Amino acid sequence: MAGAALAALPALPLHEAGKYVAAAYVVAFALMLIYVAIMAVRLSRMQRELASLMSREQGAGQPPSSAPGEATLP
Amino acid sequence: MNSSSPPSRSLGSGLLALSLAAAAAMALALGLVFFYAPLDAEQGFLQKIFYLHVPLAIVALCGFVLAALMAIMHLRSRDPRWDLRSYVAIHMSLIFAVATLITGSIWARGSWGHWWVWSEPTLVSFLIVFLLYATYQPLRFAIEDPERQARYASVFAITAGAFVPMNFIAVRLASAYLHPRVLGSTSNLPPQMAFTFVVSLIGVALLYATLCSCELTAKRTRAQLRAARRAAEARAGEDAGPAAHRLRSAAPSLTAHGTLAAPASRSGA
C-alpha cells in the first residue's frame, strides 16, 4: 500500500544538490528531535519525583494530595 | 496561562491540538516542497532548502521580537509569568536560529561553494543577532536574586528585541549582497512556490508555538511539583535549608502560585 503510493509519486532529482537538501532537512529535524528528547528526559525525571512524593505521602498515612503536575501535563 | 488556577484538562487538550496542527502542517509542507513546488530555474533542486531555511529565520526573529513585547508586559505588570514567557520565547528562538544558521550554511555551500561568506551582510547580521541573544542565558545566570534577574533580563530582551527590526532594515539598505531577498518587491515567487512557502511558514510557526507551550507547561509543572515537595517536607518537619529549595538557575523560578521563588542564598542577594 505504502509502496504503491510511493511509486506513484514523481521521482526526485536527487543528483548533486540532493545531498545538500537532505543534509539541511535532516539537521533541522534532528535538532528538534534532540530538543524533544531532552524534554522527555526532564518529564520522566518529574514523573519519578512525583511518584516518590506520592509514595511518601501514602507512607505517612495521609491520603495523597492531588498530584500537582499530573493534571497540567499534556 | 495562569499557574495558580486549578489544574484543568483544557491545557493538555489545547497542547495536543496544537501539536497535531503543527504535525499536519509540517507534513503538508514537506509534501508540497518535494512534490508540488516547481524546481527553481537557476538553483534547481537545491532551492528546496529555501522552504525550510527562510521560515526558520522568520520565526526565530519574530520570536525575539515577541519576547521583547512579553518583557515589556513584565516590566509593566511585574508579573513573573511574563518573564517566564519571554524567557521561553528567547530560548526557543535560539534553537530555531541555530537551525537557520546551519541550514543557511549548507545552502551557501551548495550554491556559492563556501560554508560562510563574511562579506555578506545578511549572514553576518543574523550571526550578530544570534550571538547577542546567546548572552541572555549567561546574563540571567550571573544574577542571583530572582527579582533582579527577571528585571534585568526584561531590559535586555527589550533592547535586543528593538535591535532585530533595526538590523533587518539596515541589511535591506545594503547595496552589495549575494543573499536573495525574499520579502519585498524584488521577490517574484510563482504562485505554487509562494503557496508552498506560506504553508511551510505556518508549519514552522506552529512548531515553534508547540515547543514553547511544552516548555511552559514543563516549567509550571516543575514549580508545582517543587511546591508540593516543600509542603510535604514541612509536614514531616524536615528542613533542608534554603539552598536546597532553589538551585541557582538561569531559568525563571516560579512558585506554584505564579510568584517568584526565593533566591538560592540570601548571603549574596
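In case you missed it, the structure is sitting above this.
Residues numbered from 1 in each chain as written. Chains lettered and ligands numbered in written order. Predicted model: local features only at pLDDT ≥ 70, side-chain atom pairs only at ≥ 80, totals over all residues. Heavy atoms only, no water.

Q: So what about the overall build of chain B? Which residues, and what values?
A: What chain B contains, in helices and strands, is eight helices and zero strands. Each helix and strand of chain B, ordered N terminal to C terminal, gives the series α-α-α-α-α-α-α-α. Burial statistics for chain B: of 269 residues in total, 49% are counted as buried. For chain B, the share of sequence-separated contacts (at least 6 apart) that also reach a separation of at least 24 residues comes to 77%. A total accessible area of about 12,500 Å² is found for chain B, and carbon and sulfur atoms account for 67% of it. (Helix = DSSP H or I, 4+ residues; strand = E, 2+ residues; numbered from the N terminus. Buried < 20%, exposed > 50% of the residue type's maximum accessible area, 1.4 Å probe, protein only. Contact = heavy atoms within 4.5 Å. Areas by Shrake-Rupley, 256 points an atom, 1.4 Å probe, with all protein chains shown as cover.)

Q: Describe the state of the cysteines, and please don't skip the residues or the numbers.
A: All names here are of chain B. Summed over all chains, the structure comprises zero disulfides over all chains. The cysteine Cys-62 is free of any disulfide, with Cys-212 supplying the nearest cysteine sulfur at 12 Å. A disulfide-free cysteine, Cys-212 has its sulfur positioned 9.5 Å from the sulfur of Cys-214, the nearest such atom. (Disulfide = S-S within 2.5 Å.)

Q: Now, about the packing of helix α4 (residues 121–134) of chain B against helix α6 (residues 146–173) of chain B: what can you tell me, with residues and values included?
A: Residue and element names in this part refer to chain B. For the pair α4 and α6, interaxial distance at closest approach is 10 Å and the crossing angle is 180°. Relative to α6, the element α4 is oriented roughly antiparallel. Counting all contacts with α4, which are made through Pro-121, Thr-122, Ser-125, Ile-128, Val-129, Leu-132 and Tyr-133, the residues of α6 involved are Phe-156, Ala-157, Ala-160, Gly-161, Phe-163, Val-164, Asn-167 and Val-171. Taken together, the residues of the contact of α4 with α6 sort by class into 11 nonpolar, four polar and no charged. (Axes fitted to C-alpha atoms, helices over the stretch in contact; angles between N-to-C directions. Parallel < 35°, antiparallel > 145°, perpendicular 65-115°, else oblique. Nonpolar A, V, L, I, M, F, W, Y, C, P; charged D, E, K, R; others polar.)

Q: Outline the packing of aromatic side chains, listing residues and values.
A: Residue and element names in this part refer to chain B. Evaluated as defined, the whole model comprises 12 aromatic pairs over all chains. Ring centres of Tyr-133 and Phe-156 lie 6.2 Å apart, and the angle between their planes is 90°; on these two criteria the pair is classed as edge-to-face. Of this pair, Tyr-133 sits in helix α4 while Phe-156 sits in helix α6, and the two are 23 residues apart along the sequence. By relative accessible area, which is 18% here, Phe-156 ends up buried. Ring pairing ties together the aromatic residues Phe-64, Tyr-87, Tyr-133, Tyr-136 and Phe-156, which thus form one cluster. (Phe/Tyr/Trp six-rings, centres within 6.5 Å; stacked < 30°, edge-to-face > 60°.)

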